[in-house]
Amino acid sequence: MPLYTSSSTVGTKFPSLLGHRGGRGIQCNSSRFQSLSLLFCSQLCSRTRTRTRQQNTQPHIVSFSKFNKNSSSTSFASSSSSSSSIMEDQEENMGGFNGFMEPNYSRELDVAVRAVQMACFLCQKVQQGLISKSNGQVQSKEDNSLVTVADWSVQATVSWLLSESFGSKNVSIVAEEDVQSLSKVEAADLLESVVKTVNDCLAEAPRFGLQGPQMALGTSEVLAAISRCNSNGGPTGRFWALDPVDGTLGFVRGDQYAVALALIEDGEPVLGVLGCPNYPMRKEWLSYQHRYHRIISKLTPPTSESWDKGCVMYARRGGGEAWMQPLLQGHKKLVWPNSARPIQVSAIENPALATFCEPVEKSNSSHSFTAGLAHSVGLRKQPLRVYSMVKYAAIARGDAEIFMKFARAGYKEKIWDHAAGVVIIQEAGGVVTDAGGRPLDFSKGIYLEGLDRGIIACAGAKLHEKIIRAVDASWNSSSL
Ligand SMILES: Nc1ncnc2c1ncn2[C@@H]1O[C@H](COP(=O)(O)O)[C@@H](OP(=O)(O)O)[C@H]1O
Ligand SMILES: [Mg+2]
């Protein structure tokens, strides 16, 4: 990793790298801890400065900088931090800073991508079971939304992996699921399935370059991992935002869904990782993907390599790059960068050539309002209706140009439904704001407070401006 820094910068940055200073999550901001952190950090930095000079003589290790876009080898996807597994190479990745004195989060990104890869592997197995048989693994929550074995299992798995990798004291997580309904007596079978699913997945950790538990986790440890995700977020400190299965409806229908993990620091998402198990690396697989998925999944085991399916996208804020790698297939070992390739938003600026995407469910976003809007700006193509944050993924890699969501009045968007996608689209060259043109505010707790009307993500500034103007023109006459 490229690590030019100065101890004065480190002095102000490093405490927030190690602990979460806000919210309800576990905090580690005692002055003793901080001074130890600073001491450790200055030692680390003197070591890393030396390392950098040596490493920069190698062609694949270069600085991350949004000002340094020209060098195509500047990818963290192909950089040294991850060329070996996290188990082998932890020291090199810790708390790095780039040439512009910004933390580069290389180790966090490495662990997050591997954890999301594992989560996708878990989801694929559960989805396979759901499609082939209905076995009570889907539950309704109090708000009537669905939750499955996969939601709780992914949350437990990711929470456990992050805690193991960074120390539970340093990890604070905001996530969608709680343990209440899972802890009830009548949910004993469900809980048992979750514990088994988590252990089956964690047993594969070494294949993904992470360390699993020495012994299978017990029920209480799994419940503890789920309930550790109890942070409320907030404006200061560092926390992870996790949507274990975004688009649960798509998931239970054998359709699109996503695993979304973002790191938020001082109210700003700094890392975004989006696992899209049913979103193929190649666009041409998408058009007949859903029906194809159902047919193929009946014919072949879930780990089949006979078809190209599923990807993980990721980006670091300010990196000026976004990346996509395929899901790990079969029994392979994840060797970084796992054939990652850079992704970019589409260059289309003409609305007549642009595709817009929106939620499948009318109840989640007004289709009639977006249809009117689309007509008024000259969008001619049929909307691409997709479940989950796969819509963000579609914009980031240029499969569509516009994403619009206008929820009913009173619905409050949650940070875990957007944080990862926002970083990835922005670093891939796109724009994401509310309908007033303001950035989404991740600093106010678990909701995107103050959101103006809806969310608009576009491949470029020109399209974005047109949509924003069109919203203003048609809002008053809408019923929203
Ligand atoms: N009434 C509503 N209006 C808008 N969004 C809603 C909603 N009810 C649920 N959602 C959010 O929409 C997400 C699904 O996105 P989409 O509609 O784009 O597929 C859900 O995520 P989960 O499936 O993780 O609960 C949920 O957070
Ligand atoms: Mg969600």
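Residues numbered from 1 in each chain as written. Chains lettered and ligands numbered in written order. Predicted model: local features only at pLDDT ≥ 70, side-chain atom pairs only at ≥ 80, totals over all residues. Heavy atoms only, no water.

Here Trp-336 and Pro-337 are connected by a cis peptide whose omega angle stands at 5°. With respect to the helices and strands, Pro-337 occurs in the loop between strand 8 (322–326) and strand 9 (341–343). The phi angle at Ser-339 is positive, at roughly 55°, despite the residue not being glycine. Tracing the backbone shows Ser-339 in the loop between strand 8 and strand 9. (Helix = DSSP H or I, 4+ residues; strand = E, 2+ residues; numbered from the N terminus.)

To continue, consider the coordination of the magnesium ion (ligand 2). Working reference: metal with six octahedral donors, ideal angles 90 or 180 degrees; metal with four tetrahedral donors, ideal angle 109.5 degrees. For the magnesium ion (ligand 2), the full set of protein donor atoms is Asp-243 (OD), Asp-246 (OD) and Asp-417 (OD), and the range of their distances to it is 2.0 to 2.2 Å. One chain supplies every donor for the magnesium ion (ligand 2), spaced along it as D-x2-D-x170-D. A single burial state applies to Asp-243 and to Asp-246, both of which are buried. (Donors = N, O, S within 2.8 Å, 3.2 Å for Na, K, Ca; no water. Buried < 20%, exposed > 50% of the residue type's maximum accessible area, 1.4 Å probe, protein only.)

What follows deals with the UniProt feature "binding site: Mg(2+)" (unreviewed entry) in the chain. Those places that UniProt annotates as "binding site: Mg(2+)" (unreviewed entry) correspond, in this numbering, to Glu-176, Asp-243, Asp-246 and Asp-417. With the annotated positions falling across 242 residues, the maximum pairwise C-alpha distance of 9.3 Å places them together in a single cluster. Position of Asp-243 relative to the elements: it lies in strand 4 (residues 238–246). Taking the relative accessible area as the measure of exposure, Asp-243 reaches 1% and is therefore buried. (UniProt positions renumbered as here; feature names shortened; annotations may be inferred.)

In terms of residue burial, strand 6 (residues 268–276) counts as a mostly covered element, since eight of its nine residues are buried. Bridge count for strand 5 (residues 258–265) against strand 6 is seven bridges, and the pairing is antiparallel. Each bridged residue has a counterpart across the sheet, and for Ala-262 the counterpart in strand 6 is Gly-272. Counting the residues between successive antiparallel strands, the hairpin from strand 5 to strand 6 contains two residues, one of them, Asp-266, with a positive phi of roughly 45°. In terms of strand pairing, strand 6 meets strand 7 (residues 311–316) through six bridges, oriented antiparallel. (Pairing = 2+ DSSP bridges.)

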